[in-house]
Amino acid sequence: MRGKQKRYLRSQAHNMRPVFQIGKDGLSTEWLKQVEEAVEKRELIKVNILQNSIIEPEEMVAFLAEHSKIEVVQVIGHVLVLYKKSSKPKNRHYSLEVEAL
């Protein structure tokens, strides 16, 4: 993904609230399945890592890279912005703009 595309996605995610949180239970395949479903519908989401979590943002980025095709657009503190182009044309809101850049 190019810099312009990432900048666009970061600007769109700026006013979003985190949809998912990671707590003391950490990462699991079930959690990942729920995130993938949400990203399929929305294309762009925020995830918050809670203070009591044993997971660090770098670990989550590595987990996502290894187990899914979701791209991490931005990491600020314990908040991550995730993006994946939807496979359903009716759910494509951000990907149309990203491809145009």
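Below: a short report on this structure. Position labels on residues start from 1 in each chain and follow its written sequence. Only residues with pLDDT of at least 70 are given local features in this predicted model, and only at 80 or more are side-chain atom pairs given and counted; all residues enter the totals for whole chains, interfaces and linings. Values shown for side chains rest on all heavy atoms present in the structure; no hydrogens or waters enter the calculation.

### Examining the environment of R7
Here is step 1: Note on placement: R7 falls in helix α1 (residues 3-13).
Here is step 2: When the C-alpha positions of R7 and V35 are compared, they lie 22 Å apart, and in sequence the two are 28 residues distant. Working definition: helices are DSSP H or I runs of at least four residues, strands are E runs of at least two. Numbering for both runs from the N terminus.

### Digging into the pairing of strand β4 (residues 79-83)
Here is step 1: The rule is simple: take the accessible area with a 1.4 Å probe, protein chains only, and divide by the maximum for that residue type; under 20% is buried, over 50% is exposed, in between is partly exposed. The buried fraction of β4 is high, at four of five residues.
Here is step 2: Bridge analysis of strand β2 (residues 44-49) against β4 gives five bridges, and the strand direction is antiparallel. What sits directly across from K46, in β4, is V81.
Here is step 3: Hairpin connection of strand β3 (residues 71-76) to β4: two residues between the antiparallel strands, including G77 at a positive phi of 60°. Any two strands between which DSSP finds at least two bridges are classified as paired.

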